[in-house]
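Listed below, chain by chain, are the residues.
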Amino acid sequence: MFERIRTRLFSPDTRPNGDSAGAFGMTLQVPDAAVCRIDCRDSLRIVSVTEAYAAFFAASVPEITGRALTVLHERMHTDDHIAHLEALRHAMRLDTGYRSRFRVRREDGNFVYLDERGTIHRDADGQPLFIDSVLTDVTENHRMMQDRDVFRDVSTDMYFLIDRNGYITDSNAGASRVLGWDPYEISARPLSYLIHPEDREETEDAFALLTKSGRVDGLLNRVRCKNGEWRHLRWTVIAEDGDDLYRAVVRDETPMLEADREIARFRLILEQNPEECYLTTAEGTITWCNPAAAESLGLRVADVQGLNLHSLDGTEDAEGHDQLLSLLADGGNETRVLRHLHRDGHFVTKRLRFFLLREGEAPQTRVTVCATGHSIETELQQQRVLLSLIHISEPT
């Protein structure tokens, strides 16, 4: 999916082929290296480990060697079991570098944070043979990141660090709040797992542009939440020269898109309304009106959009507009009589009823003012018709 930078445990001339373990044996001679080899052909069985690797799981080398990989889960945080196995299976299936982050319980009951990266060795047919991985203690780095995240996590936006293999290596609390995934669950999965299948190709194309432009703005896609729902996210991603990480600032557009759909349905209803209907911003700028409203001004609908509803009489009553918003803030409605200047030069007196529409969720709530009504002349005509009908119905 993305430009791949693979973790190499061996140089090209020493990489093992097939069942060869010579180069791995050389790696095991490094006393401080926490290295493990897993046999992919035998239900993910641990072939060999170094003492440093076994020590992370409070075990000896013989206690782990020859056992199924799940023996490591006895010390691993229960929330990380599935993500650990999924990261391995994904790497074997898609021929990507293996990476996983998980927590392991120490003898004192506290957890250390570990980062595991590895290379998959395959046979001539491309089938996985072994996974050779190196384990690194990133607990101290995790604590430093927590201190930094005190500031970053107050943001309502989401922040991601993504490596060139397409894995999210870091995320803020905003991502967990919106998507429901624990940070370590996110980092154990490739970004492609979270993206809606119909949006993956467009996302891949956008990330491919990063190598040329260094920046992507406005990418919109659907991202999977832990509960199975999909959220619409808008991405801004940058890639700096010489850096192996993409940095992404992401905003949840779902509330706004849902609000837009509601407004579209609302407009469809108002479109055929014989009364004048306006939708404006909180500042009074007309964003939409129906044909009846435009006709009352002698204008086209397109000519009305962008005008200020409260300056159609040739003046700008800012104080009166602020007072109107204050009255509407409690959820009620307000009726006002306004004079609007017709294109022909005469004034039309109107009685409009105002109320607020609040769209989206805090803190991205968007306020739209809705105004409906008709001219006083229309109202008088209706009264004249009503009086004439009453007069006709009276007995002679």
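Fair warning: this is a prediction, and the values are worked out from it, not measured in the lab.

Parameters and conventions
- Residues numbered from 1 in each chain as written.
- Predicted model: local features only at pLDDT ≥ 70, side-chain atom pairs only at ≥ 80, totals over all residues.
- Heavy atoms only, no water.
- Helix = DSSP H or I, 4+ residues; strand = E, 2+ residues; numbered from the N terminus.
- Buried < 20%, exposed > 50% of the residue type's maximum accessible area, 1.4 Å probe, protein only.
- Contact = heavy atoms within 4.5 Å.
- Areas by Shrake-Rupley, 256 points an atom, 1.4 Å probe, with all protein chains shown as cover.
- Pairing = 2+ DSSP bridges.
- Axes fitted to C-alpha atoms, helices over the stretch in contact; angles between N-to-C directions.
- Disulfide = S-S within 2.5 Å.
- Polar contact = N/O pair within 3.5 Å; in protein donor to acceptor, adjacent residues only side chain to side chain.
- Salt bridge = Lys/Arg side-chain N within 4 Å of Asp/Glu carboxyl O.
- Phe/Tyr/Trp six-rings, centres within 6.5 Å; stacked < 30°, edge-to-face > 60°.

J.: Got a minute to help me understand the overall build of the chain in this structure?
T.: Helix and strand content of the chain: 15 helices and 15 strands. Among the 396 residues that make up the chain, the fraction classed as buried is 44%. Across the chain, the fraction of contacts at a sequence separation of at least 24, relative to all contacts at a separation of at least 6, is 44%. Within the structure as shown, the chain displays about 20,800 Å² of accessible surface, and the carbon and sulfur contribution to it stands at 50%.

J.: Can you walk me through the sheet that holds strand 6 (residues 158-163) in this structure?
T.: Whether parallel or antiparallel, the strands of a sheet pair through hydrogen bonds between backbone atoms. Pairing is antiparallel across the open sheet formed by five strands, whose spatial order is 7-6-10-9-8. Single-partner strands in this sheet number two, and they are strand 7 (168-171) and strand 8 (215-224). Strand after strand, the sheet turns through a mean of 30 degrees between neighbouring axes, direction not considered. Pairing between strand 9 (residues 230-239) and strand 10 (residues 245-252): seven bridges, direction antiparallel. Pairing of Thr236 across the sheet is with Val249, part of strand 10. Against the sheet, helix 9 (residues 200-208) contacts strand 6, strand 8, strand 9 and strand 10, and its axis sits at roughly 155 degrees relative to strand 8.

J.: Would you mind showing me how to read the state of the cysteines here?
T.: As used in these notes, a disulfide is a covalent bond between sulfur atoms, one from each of two cysteines. Applying the stated criterion across every chain, the model contains zero disulfides. Cysteine Cys289 remains unbridged, with the sulfur of Cys277 as its closest cysteine sulfur at 9.4 Å.

J.: Quick question: what am I supposed to make of the side chain of His81 here?
T.: As for its position among the elements, His81 is in helix 4 (residues 81-94). Judged by relative accessible area, which is 19%, His81 ranks as buried. Side-chain polar atoms of His81 contact the backbone oxygen of Met76, separated by 3.2 Å.

J.: Sorry, what's going on with the environment of Leu356 here?
T.: The residue Leu356 is located in strand 14 (residues 347-359) in this model. Between the C-alpha atoms of Leu356 and Thr280, which are 76 residues apart in sequence, the distance is 9.7 Å. Apart from the residues within four sequence positions on either side, Leu356 is in contact with Leu325, Leu328, Ala329, Val367, Thr368 and Val369.

J.: Sorry, what's going on with the pattern of salt bridges here?
T.: If the charged atoms of two oppositely charged side chains come close together, the side chains can form a pair. Counted under the stated rule, the structure contains 19 salt bridges. Across the pair Asp163 and Arg99 runs a salt bridge, and its minimum N-O distance is 3.6 Å. Taken as a pair, Asp163 in strand 6 and Arg99 in strand 3 (residues 98-105) lie far apart in primary sequence, 64 residues in all. Both residues of the pair, Asp163 and Arg99, belong to the buried class. Lys226 is the salt-bridge partner of Glu185, the closest N and O atoms lying 3.1 Å from each other. In this pair, Glu185 sits in helix 7 (residues 183-187) while Lys226 sits in the loop between strand 8 and strand 9, placing the two residues 41 residues apart along the sequence.

J.: Any chance you could explain the packing of aromatic side chains here in plain terms?
T.: Here the distance between the centres and the angle between the planes together describe a pair of aromatic rings. This model, assessed by the stated rule, comprises five aromatic pairs. Ring geometry for Phe160 versus Trp235: centroids 5.6 Å apart, planes at 20 degrees, classification stacked. Here Phe160, found in strand 6, pairs with Trp235, found in strand 9; they are 75 residues apart in sequence, far enough to count as distant. Of the two residues examined, Phe160 and Trp235, each falls in the buried class. Plain terms: the ring middles of Trp181 and Tyr193 are 6.4 Å apart, the flat faces sit at 70 degrees to each other, and that makes the pair edge-to-face.

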